[in-house]
Amino acid sequence: MKNKNSVYIMIGFDMETDVGSSSTLYTGVQEGTPAIIKVLEKNGARGTFLFTGDCVRKNRDIVEEVHKKGFEIGCHSLFHEDLGEPSFVSSSPSKILEEELENRLKINTTLVREITKKDPVSFRSPKGFGSNNLMKILTKLNFKIDSSYIQALHLKRNFPYIVSEQDWKEKGDGSILELPLFAFDIKNRSEEHTSELQ
């Protein structure tokens, strides 16, 4: 970071069924994505589009268009399903067993790779349900970035950090960079956090 007064905004889009786990429709993806691309291009902005595997299967043309425009494509699980430790009470019946997780993420990764011709490096867990096991699998699958930590729920981390191998919600010596989601503490940036980003 060259200027400690600079503000950086990370923009990510969860590409999933309408209303997360409550629908099988992709109206938002099909009708909204072209509008999002137009706004980003008009403003010279970049963004990461995190696709579920099912969304890739059913909306290949949209994924190809996002890729063709040069935006990053990441993963968002196979379906919009509960993967890790719940951060809040979920009414979803789609809790994934720990032993299912790696294979589902491999399928999501393969579907994205078929279009981009490269391994995705960014991931966001649906609903922000992360876990230590999820971080181990992401590391094994060569992901570099996760954005599952919801600051408004965990109330601790406002700034990017390298996850601990013992507790993904803590800073440590792991290999995944965590980009907290919904982190708004711009007014109260401390020198400690500013120096972390340099």
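Positions within a chain are numbered from 1, following the residues in the order the chain's sequence is written. Selection of residues for local features in this predicted model requires a pLDDT of at least 70, selection of side-chain atom pairs for listing and counting requires 80 or more, and totals for whole chains, interfaces and linings are taken over all residues. As a convention, hydrogens and water are excluded, and side-chain values are obtained from all of the structure's heavy atoms.

Here's the deal with the environment of Glu-64
Where helices and strands are cited, they refer to DSSP runs of H or I of at least four residues and of E of at least two residues respectively, numbered from the N terminus. Inspection of the secondary structure puts Glu-64 in helix H3 (residues 60–68). Placed 51 residues apart in sequence, Glu-64 and Ile-115 show a C-alpha to C-alpha distance of 6.5 Å.

Some remarks on the pattern of salt bridges
Counted as salt bridges are all cases of a side-chain nitrogen of Lys or Arg within 4 Å of a carboxyl oxygen of Asp or Glu. The tally for this structure, following the rule as stated, stands at twelve salt bridges. A salt bridge links Glu-100 to Arg-104; the nearest nitrogen and oxygen atoms lie 3.9 Å apart. You can see Glu-100 and its partner Arg-104 sitting in helix H4 (residues 98–116), four residues apart, about one turn around the helix. Between Glu-170 and Lys-156 there is a salt bridge, with the nearest N and O atoms lying 2.9 Å from each other. One end of the pair, Glu-170, is in the loop between strand E6 (161–162) and strand E7 (177–178); the other, Lys-156, is in the loop between helix H6 (151–154) and E6, with 14 residues separating them in the sequence. When salt bridges with common partners are traced through the structure, they connect Glu-81, Glu-100 and Arg-104 into a single cluster.

Some details on the environment of Leu-177
With respect to the element layout, Leu-177 can be found in strand E7. The buried label applies to any residue whose accessible area, calculated with a 1.4 Å probe on protein chains only, is under 20% of its type's maximum; exposed applies above 50%, and partly exposed to all values in between. Take Leu-177: its relative accessible area is 28%, and that puts it in the partly exposed class. A C-alpha to C-alpha distance of 4.8 Å links Leu-177 and Ile-145, two positions 32 residues apart in sequence. When near neighbours in sequence (up to four residues on either side) are disregarded, Leu-177 contacts Lys-144, Ile-145, Asp-146, Pro-160, Tyr-161 and Ile-162. We call two residues in contact whenever any of their non-hydrogen atoms come within 4.5 Å of each other.

Things to note about the pairing of strand E1 (residues 12–15)
Taken residue by residue, a regular strand's side chains alternate between the two faces of the sheet. Side chains Phe-13 and Met-15 of E1 all project onto a buried face; the interleaved residues Gly-12 and Asp-14 project onto a face where none is buried. Here, a strand pair is defined by DSSP locating no fewer than two bridges between the strands. Sheet topology note: the E1/strand E2 (residues 48–51) ladder contains four bridges and is parallel. Counterpart to Met-15 in the pairing with E2 is Phe-51. When the strands point away from the viewer and the connection leading from the first strand across the helix to the second strand turns clockwise, the crossover is called right-handed. Taken together, E1, helix H1 (residues 27–42) and E2 form a β-α-β motif whose crossover is right-handed.

Structural notes on the environment of Asp-167
Its location among the elements puts Asp-167 in the loop between E6 and E7. In this structure the C-alpha to C-alpha distance between Asp-167 and Asn-133, which are 34 residues apart in sequence, comes to 9.7 Å.

Note that all results are geometric; they support no functional claim without further evidence.
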